[in-house]
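Survey of secondary and tertiary structure
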Amino acid sequence: NAGVTQTPKFRVLKTGQSMTLLCAQDMNHEYMYWYRQDPGMGLRLIHYSVGEGTTAKGEVPDGYNVSRLKKQNFLLGLESAAPSQTSVYFCASSYSIWDGQPQHFGDGTRLSIL
Amino acid sequence: KQEVTQIPAALSVPEGENLVLNCSFTDSAIYNLQWFRQDPGKGLTSLLLIQSSQREQTSGRLNASLDKSSGRSTLYIAASQPGDSATYLCAVLNNAGNMLTFGGGTRLMVKP
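Residues numbered from 1 in each chain as written. Chains lettered and ligands numbered in written order. Predicted model: local features only at pLDDT ≥ 70, side-chain atom pairs only at ≥ 80, totals over all residues. Heavy atoms only, no water.

Digging into the interface of chain B and chain A
- Listed as interface residues are 23 residues of chain B and, on the opposing side, 20 residues of chain A.
- Across the chain B/chain A interface, buried area totals approximately 1700 Å², and carbon plus sulfur atoms make up 58% of it.
- Taken as a group, L44, M99 and F102 of chain B account for 24% of the area that chain B buries against chain A, more than any other trio of residues on that side.
- Where chain B meets chain A, there are two salt bridges.
- The shortest N-O distance in the salt bridge between K42 of chain B and D107 of chain A comes to 3.8 Å.
- On the surface where chain B and chain A come into contact, there are five residue pairs in polar contact (both at pLDDT 80 or more).
- For the side of chain B that touches chain A, the secondary-structure elements that each account for two or more residues are β4 (30-38), β5 (44-51), β9 (86-94) and β10 (100-102) of chain B.
- Looking at the side of chain B that touches chain A, its residues break down into 10 nonpolar, 11 polar and two charged. (Contact = heavy atoms within 4.5 Å. Buried area = accessible area lost by both parts, 1.4 Å probe. Salt bridge = Lys/Arg side-chain N within 4 Å of Asp/Glu carboxyl O. Polar contact = N/O pair within 3.5 Å; in protein donor to acceptor, adjacent residues only side chain to side chain. Helix = DSSP H or I, 4+ residues; strand = E, 2+ residues; numbered from the N terminus. Nonpolar A, V, L, I, M, F, W, Y, C, P; charged D, E, K, R; others polar.)

Listed below in structure tokens is the structure:
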């Protein structure tokens, strides 16, 4: 049981390049989330999904797009990377929000934009 | 906008001490409060989750309390061990269930 798996673990991009971060969960969770973690800012929600085919904006969605074509996968895309998007990105999933189920996190993707 | 603050930002204690980590939030309209542990280079691991109607939760040497009206939570760690060294994060979920707001964390070091 792998839990939440993020790919890749590290990546360096040049300004203006595009890339996609992949999150996969094998727990049959309905809810999935993308966060970024920056020093002094804590974790902030970028986008989330409450089920296959659905996505919604979080606190800091600008510059990112997401897709949830399959229940187990949640993709985060950067169309034109900017240095301000240098961060550690975490994916999380949960079965439900309303019955006290916590979110399960992946180990993160460390992204540097030069 | 919900704001979550954790004090202290860093804490160093000798092994065996009991310790308290503090978390405060500005908007008391929360659905639940969660405490997480984060080890260096790793993701977050859920420790305790307190529903808004509850006052405390316990798991082993950990006890978390919630005073929603005053916007405060504490995480009590009994008989600390070097393996407890990590960053501890608290987070509050809004009533709509779509926003988990995190504090900046307390970095704990337990010295042998």
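Picking up after the structure, the text goes on.
A few points about the sheet that holds strand β8 (residues 73-78) of chain A
All names here are of chain A.
- Taken in spatial order, the four strands line up as β1-β3-β8-β7 in an open sheet, and their pairing is antiparallel. On the outer flanks of this sheet lie β1 (4-7) and β7 (65-67), each paired with one strand and no other. Put simply, the sheet's adjacent strands are angled 20° from each other on average, direction ignored.
- In this structure, β7 lies alongside β8, joined through three bridges in antiparallel fashion. What sits directly across from V66, in β8, is L76. (Pairing = 2+ DSSP bridges. Axes fitted to C-alpha atoms, helices over the stretch in contact; angles between N-to-C directions.)

Let's talk about the pattern of salt bridges
- Applying the stated rule across the entire model yields seven salt bridges over all chains.
- Note that D39 of chain B is salt-bridged to R37 of chain B, the shortest N-O span being 3.0 Å.
- We classify D39 of chain B as partly exposed; its relative accessible area is 27%.
- Residue class for R37 of chain B comes out buried when judged on its relative accessible area of 17%.
- Connected via shared salt-bridge partners are R36, D38 and R44 of chain A. (Buried < 20%, exposed > 50% of the residue type's maximum accessible area, 1.4 Å probe, protein only.)

A short note on the nonpolar core
- F25, L33, W35, L75, I77, Y88 and L108 of chain B are the most contacted members of the largest nonpolar core, which has 22 residues in total.
- Mapped by element, the contributors of at least two residues to this core are β3 (19-25), β4, β5, β7 (62-67), β8 (72-77), β9 and β11 (106-111) of chain B.
- Sequence-distant contacts of I77 of chain B, that is, excluding residues within four places in its chain, are made with E17, N18, L19, R61, L62, D84, Y88 and L108 of chain B.
- M19, W34, V60 and V66 of chain A belong to the second-largest nonpolar core, a separate cluster that totals 19 residues. (Core = buried A, V, L, I, M, F, W, Y, C linked by side-chain atoms within 4.5 Å.)

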